[in-house]
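# Descriptive analysis of the structure
If you want the building blocks of each chain, they are given just below.
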Amino acid sequence: IRFAGRSGLLPGARRRSARPSIQNLGQEGRADQINPAPRRGDARGQAVCRPGSEASSGDRRTGVVCRVLGEGQEVGLAVVGCFAFANPIFDFLAAPMNQALKASGKGTLAVTEATEGFFVHMRVAGFTGLLIASPILFWQAWKFVAPGLYDRERRWVLPLVTASTSLFLGGAAFAYFVVFPLAFKVLASFAPDGVAWMTDIDKYFSFVLGMFVVFGV
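## What to know about the side chain of glutamate 116
Residue position: glutamate 116 is located in helix H6 (residues 116–145). For the buried glutamate 116, which has no salt bridge, the nearest side chain bearing the opposite charge is arginine 123, at an N-O separation of 7.9 Å. A distance of 3.3 Å separates the side chain of glutamate 116 from the backbone nitrogen of glutamate 113, its partner in a polar contact. Excluding its chain neighbours within four sequence positions, the residues that come into contact with glutamate 116 are Val111, Asp200, Ile201 and Asp202.

Quick look at the structure:
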């Protein structure tokens, strides 16, 4: 007669239960053949970034990379498209200063370095392309953030974006059509007689952008 130990099982029972049966081994082998586990370096176990595709919820970092790459391409195309129109855009931005200089007869806009005209051309194209592509950038950011927001929070996004965009554009327009003509006319009156007012185009463009941000924000 064989008695059970403290565990309540016979001494040989535990060893026999730990051995996998032939039937279980056969089922596991067939499952591995049907759904093989992804191996290191296997494309099936990695997230693939395709144009217009979304990454899985388990790999959000890849989703961010895909969106950033797509948005970078869109901004690049917008900048390249604006490169041909950089000179007319700068002429439009410089119109208040040119009118003040022409009225005072004391100077003109100037290029003080050999590469300054080229870099100003690039800056104008870059900022204009970024401005044109900003709705697409916002839409991509909204698609990434929206799933994590509550319904009551989503209802506030459109009114806030519309109001902030309108206020910014209104402030920039006020600076261009009202502040710039008056400010440049007053500043030109302080220039002494016989002194040419030679304004650098790079500094002028930086001044215009700064004033747009100040009055827009």
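## Digging into the environment of valine 157
Among the structural elements, valine 157 can be located in helix H7 (residues 151–189). A sequence separation of 15 residues divides valine 157 from tryptophan 142, and the C-alpha atoms of the two residues are 9.3 Å apart. Discounting chain neighbours no more than four positions away, the residues touching valine 157 are Phe138, Trp142 and Leu149.

## Considering H7
Between the first and last C-alpha of H7 there are 57 Å, a value that for 39 residues agrees with the 57 Å anticipated at 1.5 Å per step. Helix geometry: H7 is bent most strongly at valine 179, by close to 45 degrees, with proline proline 181 lying one to four residues after it. For H7, the full list of buried residues reads Val157, Gly171, Ala172, Ala175, Tyr176, Val179, Phe180, Phe184 and Ala188. Close packing links the buried residues of H7 with helix H4 (86–93), helix H5 (95–104), H6, strand E2 (197–200) and helix H8 (201–216).

## Some remarks on the nonpolar core
Residues Phe90, Met97, Leu109, Phe180, Tyr204 and Phe212 are the most contacted members of the largest nonpolar core, which totals 23 residues. Counting only elements with at least two residues in this core, the list comes to H4, H5, H6, H7 and H8. Apart from residues lying up to four places away in sequence, methionine 97 is in contact with Leu109, Phe184, Trp197, Thr199 and Tyr204.

## Description of H8
With 16 residues, H8 extends 22 Å from end C-alpha to end C-alpha; this agrees with the ideal 22 Å at 1.5 Å per step. Buried within H8 are the following residues: Ile201, Tyr204, Phe205, Val208, Met211, Phe212 and Gly216. Burial along H8 is one-sided: seen end-on, the buried residues are contained in an arc of 125 degrees. Exposed side of H8, more than 90 degrees from the buried face: Lys203 and Val214 are the residues found there. Where the residues of H8 are buried, they touch H4, H5, strand E1 (107–110), H6, H7 and E2. Of the residues that open H8, the one with a side-chain oxygen 3.0 Å from the backbone nitrogen of aspartate 202 is aspartate 200.

## Some remarks on the pattern of salt bridges
One pass over the full model with this rule turns up one salt bridge. Put simply, aspartate 202 and arginine 123 hold a salt bridge, and the shortest N to O gap is 2.6 Å. Linking aspartate 202 in helix H8 with arginine 123 in helix H6, this pair joins segments that are 79 residues apart in sequence.

## Re the packing of aromatic side chains
What characterises a pair of aromatic rings is the spacing of the ring centres plus the angle enclosed by the ring planes. All chains considered together, the criterion is met by twelve aromatic pairs. A centroid spacing of 5.5 Å and a plane angle of 70 degrees characterise the contact between phenylalanine 118 and phenylalanine 119, whose relative ring orientation is edge-to-face. What makes phenylalanine 118 partly exposed here is its relative accessible area of 48%. By relative accessible area, which is 47% here, phenylalanine 119 ends up partly exposed. What links up through ring pairs into an aromatic cluster is the set Phe90, Phe92, Tyr176, Phe177, Phe180, Phe184, Tyr204, Phe207 and Phe212. In this structure, arginine 152 packs its charged tip against the face of tyrosine 150, placed 4.8 Å from the ring centre.

Calculation criteria
Residues numbered from 1 in each chain as written. Predicted model: local features only at pLDDT ≥ 70, side-chain atom pairs only at ≥ 80, totals over all residues. Heavy atoms only, no water. Helix = DSSP H or I, 4+ residues; strand = E, 2+ residues; numbered from the N terminus. Buried < 20%, exposed > 50% of the residue type's maximum accessible area, 1.4 Å probe, protein only. Lys, Arg positive; Asp, Glu negative; His and termini not counted. Salt bridge = Lys/Arg side-chain N within 4 Å of Asp/Glu carboxyl O. Polar contact = N/O pair within 3.5 Å; in protein donor to acceptor, adjacent residues only side chain to side chain. Contact = heavy atoms within 4.5 Å. Expected span 1.5 Å × (residues − 1). Bend = angle between axes of the 7 residues up to and from the residue. Core = buried A, V, L, I, M, F, W, Y, C linked by side-chain atoms within 4.5 Å. Arc of directions from axis to C-beta. Phe/Tyr/Trp six-rings, centres within 6.5 Å; stacked < 30°, edge-to-face > 60°. Lys NZ or Arg CZ within 6 Å of the ring centre and 35° of its normal.

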